[in-house]
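Residues per chain, in single letters:
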Amino acid sequence: MYLGIDLGTSEVKIVLMDQSGKLLADAGSALTVSRPQPRWSEQDPGQWWQATGEAIAKLRAKTPAEFRAVRAIGLSGQMHGAVVLGAQDRVLRPAILWNDLRSISECVELTERAPQLHQIAGNLAMPGFTAPKLLWLARHEPEIFAAMQMVLLPKDWLRLKMTGNKVSEPSDAAGTLWLDVAKRDWSDELLAATGMRRSHMPRLVEGGESSGTLLPEVADAWGLSPEVIVAGGGGDGAASAVGIGAVNPGDGFVSLGTSGVLFVVNDRFRPNPAQAVHAFCHALPDRWHQMSVMLSAASCLRWFCRLVSVDEATLLAEIAELDTTALENAPLFLPYLSGERTPHNDPYAQGVFHGLSHAHGRAALGYAVIEGVTFGMADGLAALHTAGTEVTELSLVGGGSRSPYWAQLIADALNVRMVTHVGSETGGALGAARLAWLAANDQPGKEAVICAKPPLREAFTPNAQRHAVLQPRLAAYREIYRCRPERNTDAALPGH
């Protein structure tokens, strides 16, 4: 038996998988985000640990016998967050998250300090990444920066609590801007640009390798053996890819979670920072990936549902009843509720409803929201095309994958066949469980078996007529962003 723990932004999700790769049970525990100032986004790591314990207890209650047989645990998690530790591994301040925008000016500073940044890290300096956060910390909270002894990513802090070891792996580390992505090792040059050294960084292992075993007190509290292995794991995107079998060059997926990701596997490091495309290590050795990222995806739908007091299932059912005329005359929506990464690298981008009238009801606005998120994905695919990446089929993962209507809309807009797999809604947790299986298995050819694509649940073939109808709306969507009024900015962003 294998556990996969996925530390998301809104929830800790845990799945239990058996030796055949079948998911037996899952459980989760909700998280909250603190926004003490505009553009800030923080979480208390202590809340992560508490939520993990709660989810473990729920899962153990569902399948007590199978749970006790767990041999290994894999970790997946939200990327880029900065957990700053001092003496005795004490957390010095709340973790600064991936969607925090406070370090805009530090991105410019980092680019100036590290002229080889784009070549080494393969990415533009963006406020979401970890390194600019530490420059901000040095400037605005110098006493904390001076006391800092280690910086860990969110899932790796969970690992520290579980094993006592300070360890990360290349797929998550690539999102810090401190990693030499081609070499899969820390870059002394990029660390020095933020006033840091290798001693501030955890040891690196590959995602399917062991990073240690459970501490006796944790094993006892969870009802597991202290010999349970904890695998290196992966950042949420790479772990999700492992979960749906996107492990070979050309494989890819679309993730509709809090953020939106379009992920394609490469056999080598292929950076394209000019289009705000991310080039990261995969969670498996000798593989990399390109990724476009939009900061608000399914979270836009959740936001709108809260605004109009409707649950998502009801709204999606109402949207599905709209006729062709209503769809073609629906408002347009820009999904930039937290700024945007690909392709704009614009933390000041804002959400917009455009073209509202008295004729529009809740369903029409709801359609505009999911269409706007879909158009953001189309922008991401266009950026990957510019980087030389072509795809003919993509898997769909994350909470948004539960909606067949939205899946078909994505297929039509991107003109790419979309497929869903059994268990695809579990996202990174399934991939984390598979990486745990890899770490506990020494059989030849284990990767091909363990990382196979799960059974197909449903396929969505692009509708050429609908694709043609969507193109003028996509063009108008892009024009609204280009014609937006200028916002006050702290500094000009590199690449923007």
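Calculation rules
- Residues numbered from 1 in each chain as written.
- Predicted model: local features only at pLDDT ≥ 70, side-chain atom pairs only at ≥ 80, totals over all residues.
- Heavy atoms only, no water.
- Helix = DSSP H or I, 4+ residues; strand = E, 2+ residues; numbered from the N terminus.
- Buried < 20%, exposed > 50% of the residue type's maximum accessible area, 1.4 Å probe, protein only.
- Contact = heavy atoms within 4.5 Å.
- Areas by Shrake-Rupley, 256 points an atom, 1.4 Å probe, with all protein chains shown as cover.
- Lys, Arg positive; Asp, Glu negative; His and termini not counted.
- Charge placed at Lys NZ, Arg CZ, Asp CG, Glu CD.
- Phe/Tyr/Trp six-rings, centres within 6.5 Å; stacked < 30°, edge-to-face > 60°.
- Axes fitted to C-alpha atoms, helices over the stretch in contact; angles between N-to-C directions.
- Parallel < 35°, antiparallel > 145°, perpendicular 65-115°, else oblique.
- Nonpolar A, V, L, I, M, F, W, Y, C, P; charged D, E, K, R; others polar.
- 1 Å grid on protein atoms, 1.4 Å probe; cavity = no way out; pocket = protein on both sides within 12 Å on 5 of 7 lines; lining within 4 Å.
- Points joined across faces, edges and corners; volume = space filled by probe spheres on them.
- Salt bridge = Lys/Arg side-chain N within 4 Å of Asp/Glu carboxyl O.
- Core = buried A, V, L, I, M, F, W, Y, C linked by side-chain atoms within 4.5 Å.
- Polar contact = N/O pair within 3.5 Å; in protein donor to acceptor, adjacent residues only side chain to side chain.

### Let's talk about the overall build of the chain
Step number 1: Assigned secondary structure in the chain consists of 19 helices and 24 strands.
Step number 2: When the backbone C-alpha atoms are referred to their principal axes, the chain occupies close to 65 × 50 × 40 Å.
Step number 3: Here the chain, with 496 residues, has 61% of them falling under the buried criterion.
Step number 4: Taking the intrachain contacts of the chain between residues at least 6 apart in sequence as the baseline, contacts between residues at least 24 apart amount to 73%.
Step number 5: With an accessible surface of roughly 18,100 Å², the chain has 51% of that area assigned to carbon and sulfur atoms.
Step number 6: Within the chain, the 51 negative side-chain charges are centred at a point lying 2 Å from the centre of the 43 positive side-chain charges.

### A closer look at the packing of aromatic side chains
Step number 1: A full pass over the atoms with the stated rule returns 13 aromatic pairs.
Step number 2: Where Tyr2 meets Trp437, the ring centres are 5.8 Å apart and the plane angle is 20°; that geometry is what we call stacked. You can see Tyr2 sitting in strand β1 (residues 2–7) and its partner Trp437 sitting in helix α17 (residues 428–439), a full 435 residues away along the chain.
Step number 3: Given a relative accessible area of 0%, Tyr2 falls into the buried group.
Step number 4: Here Trp437 falls in the buried class, since its relative accessible area comes to 7%.
Step number 5: Feature note: the residues Trp303, Phe304, Phe333 and Phe353 constitute an aromatic cluster, connected by ring pairs.

### Observations regarding the packing of helix α11 (residues 236–243) against α17
Step number 1: Packing of α11 against α17 brings their axes to within 6 Å, and their N-to-C directions diverge by 75°. As far as their axial angle goes, α17 and α11 are roughly perpendicular. Each of Asp236, Ala239, Ser240, Val242 and Gly243 in α11 lies in contact with α17, whose residues at this interface are Gly428, Leu430, Gly431, Ala432, Arg434 and Leu435.
Step number 2: In terms of residue class, the contact of α11 with α17 is built from 5 nonpolar, 4 polar and 2 charged.

### Side note on the layout of surface pockets
Step number 1: For the largest pocket, the calculated volume is near 930 Å³.
Step number 2: Residue lining of the largest pocket: 41 residues in total, with Leu256, Gly257, Thr258, Gly398 and Gly399 positioned closest to the centre.
Step number 3: Of all the secondary structure elements, the ones that give two or more residues to the lining of the largest pocket are β1, β2 (11–17), α11, β16 (252–256), β19 (288–294), α12 (298–308) and α13 (312–320).
Step number 4: For the lining of the largest pocket, the class distribution of residues is 12 nonpolar, 20 polar and 9 charged.
Step number 5: Along the lines of polarity and charge, the residues of the lining of the second largest pocket split into 12 nonpolar, 12 polar and 5 charged.

### A word on the pattern of salt bridges
Step number 1: For the structure shown, the criterion picks out 23 salt bridges.
Step number 2: A salt bridge links Arg139 to Glu109, with the nearest nitrogen and oxygen atoms 2.6 Å apart. Of this pair, Arg139 sits in helix α5 (residues 130–140) while Glu109 is found in helix α3 (residues 104–113), placing the two residues 30 residues apart along the sequence.
Step number 3: Glu109 sits in the buried class, given a relative accessible area of 15%.
Step number 4: Between Arg268 and Asp267 there is a salt bridge, and its shortest N-O distance comes to 3.1 Å.
Step number 5: What you see here is one network of salt bridges that share partners, running through Glu42, Arg93, Asp100, Arg102 and Glu141.

### Considering the environment of Arg71
Step number 1: Structurally, Arg71 is set in the loop between α2 (64–68) and β5 (72–77).
Step number 2: A residue is classified by how much of its surface remains accessible, and Arg71, at 40% relative accessible area, is partly exposed.
Step number 3: Taking C-alpha positions, Arg71 is 10.0 Å from Asn441, a pair spaced 370 residues apart along the chain.
Step number 4: Once you skip the residues sitting within four places of it in the chain, Arg71 turns out to touch Met1, Tyr2, Gln19, Glu227, Val228, Ile229 and Ala440.

### Quick word on the nonpolar core
Step number 1: Counting residues in each nonpolar core, the largest one holds 108 residues, and the members touching the most others are Leu3, Ile73 and Leu214.
Step number 2: The element best represented in this core is α17, accounting for 7 residues.
Step number 3: Membership of the second largest hydrophobic core comes to 52 residues, among which are Trp406, Leu409, Leu414 and Phe460.

### Section: the side chain of Gln78
Step number 1: The topology assignment puts Gln78 in the loop between β5 and β6 (83–85).
Step number 2: Here Gly8 takes part through its backbone oxygen, which lies 3.0 Å from a polar atom of the side chain of Gln78.
Step number 3: A distance of 3.1 Å separates polar atoms of two side chains, one belonging to Gln78 and the other to Gln43.
Step number 4: Ignoring sequence-local partners within four residues, the contact set of Gln78 consists of Leu7, Gly8, Thr9, Gln43, Trp48, Leu97, Trp98, Pro154 and Asp236.

### Focus: helix α7 (residues 154–163)
Step number 1: Most of α7 is tucked away: 9 of the 10 residues are buried.
Step number 2: Regarding α7, the residues found buried are Pro154, Lys155, Asp156, Trp157, Leu158, Arg159, Leu160, Met162 and Thr163.
Step number 3: Immediately downstream of α7, the backbone of Gly164 shows phi near 80°, a positive value.

### Some words on the packing of α12 against α13
Each packed pair of helices is defined by two parameters, the angle between the axes and the distance between the axes.
Step number 1: For the pair α12 and α13, interaxial distance at closest approach is 10 Å and the crossing angle is 95°. Relative to α13, α12 is oriented roughly perpendicular. Contacts from Leu301, Arg302, Phe304 and Cys305 in α12 reach Glu312, Leu315 and Leu316 in α13.

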